[in-house]
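# Observations on the three-dimensional arrangement
Residues per chain are reported as follows:
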Amino acid sequence: MRLFSGKIAPLSEEIVKTLADNGEIECEDRKEVVRDLESVFSQYLATEKEVMDKSKATLESRGLPPSELGRIRKIIAEQKGIKIGEDILDYLLDQCIEMLMHSGNVDEVFGQDHDLRRRMRPVLKKYLAADDELDAEVRNKMKNLQEGTRTWEVEYQKIKNEIQRRKGLV
């Protein structure tokens, strides 16, 4: 699961629409609440990028093999106070609820935390699943190459970047 910067605006709009239409929150200006959510997601992406950069630098400085990247990345993410991988969904839901409770742009939150989660989870999950769909599409285009080879890795990145640009994911 991964959040793409190109999907932050539509994700935020859909969450606010879902919560407001179902009476979970009350706000005068939905656009301001959307901006608040966008800032939550943007901050997450910025911190995630810092974690990745620091992880790569740590691997390089310690002379560790690339297979250790996931482990190092998880440790650094914990140090920065964020979650990655499968835990991203619950982490982002917590961050969104926290923002809704403290935002000056939200007049009233009527829903309890578990109700807010229940409303936001399918929306957030849909946008986070774009990474899985992207991977499947790239692999579908690469049937002629053997996975695991250097050629496959290079071609995978090339096709993935092309599809991301075309779909506006980055």
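Placed above this text is the structure.
Residues numbered from 1 in each chain as written. Predicted model: local features only at pLDDT ≥ 70, side-chain atom pairs only at ≥ 80, totals over all residues. Heavy atoms only, no water.

The next point concerns the overall build of the protein chain. Broken down by element type, the protein chain carries seven helices and two strands. Structurally, the protein chain occupies a C-alpha span of about 55 × 35 × 25 Å along its principal axes. Considering only residue pairs separated by 6 or more positions, the protein chain has 67% of its internal contacts joining residues 24 or more positions apart. Approximately 10,100 Å² of the protein chain is accessible, and the part contributed by carbon and sulfur atoms is 46%. For the protein chain, the distance from the average site of its 30 positive side-chain charges to the average site of its 34 negative ones is 7 Å. (Helix = DSSP H or I, 4+ residues; strand = E, 2+ residues; numbered from the N terminus. Contact = heavy atoms within 4.5 Å. Areas by Shrake-Rupley, 256 points an atom, 1.4 Å probe, with all protein chains shown as cover. Lys, Arg positive; Asp, Glu negative; His and termini not counted. Charge placed at Lys NZ, Arg CZ, Asp CG, Glu CD.)

The next thing to look at is the packing of helix α2 (residues 30–62) against helix α3 (residues 69–80). Orientation of α2 relative to α3, taken along the N-to-C sense of each, is 130°, at an axis distance of 9 Å. Taken together, the axes of α2 and α3 lie oblique to each other. Our pair here, α2 against α3, has a crossing hand that is right-handed. Residues Thr47, Glu48, Glu50, Val51, Met52, Lys54, Ser55, Lys56, Thr58 and Leu59 of α2 form the contact with α3, whose participating residues are Leu69, Ile72, Arg73, Ile76, Ala77, Gln79 and Lys80. Residues that form the contact of α2 with α3 fall into these classes: seven nonpolar, four polar and six charged. (Axes fitted to C-alpha atoms, helices over the stretch in contact; angles between N-to-C directions. Parallel < 35°, antiparallel > 145°, perpendicular 65-115°, else oblique. Left-handed = near helix turned anticlockwise from the far one by under 90°. Nonpolar A, V, L, I, M, F, W, Y, C, P; charged D, E, K, R; others polar.)

This paragraph deals with helix α7 (residues 150–167). With 18 residues, α7 should reach 26 Å at 1.5 Å per residue; the first-to-last C-alpha distance of 26 Å fits that figure. Restricting attention to buried positions, one finds in α7 the residues Trp152, Tyr156, Ile159, Lys160, Ile163 and Gln164. One side of α7 holds all its buried residues, which, seen down the axis, span an arc of 135°. Exposed side chains of α7 directed beyond 90 degrees from the buried face belong to Arg150, Thr151, Lys158 and Arg165. At its buried positions, α7 is contacted by α6 (130–141). (Expected span 1.5 Å × (residues − 1). Buried < 20%, exposed > 50% of the residue type's maximum accessible area, 1.4 Å probe, protein only. Arc of directions from axis to C-beta.)

Where side chains of opposite charge bring their charged atoms close, a pairing between them can arise. One pass over the full model with this rule turns up 15 salt bridges. With a closest N to O distance of 3.0 Å, Arg139 and Asp135 form a salt bridge. You can see Arg139 and its partner Asp135 sitting in helix α6, four residues apart, about one turn around the helix. Taking relative accessible area as the criterion, Arg139 reaches 33% and is therefore assigned partly exposed. For Asp135, a relative accessible area of 24% translates into the label partly exposed. Bridged by salt links that share partners, the residues Asp90, Asp94, Arg117 and Arg121 form one connected network. (Salt bridge = Lys/Arg side-chain N within 4 Å of Asp/Glu carboxyl O.)

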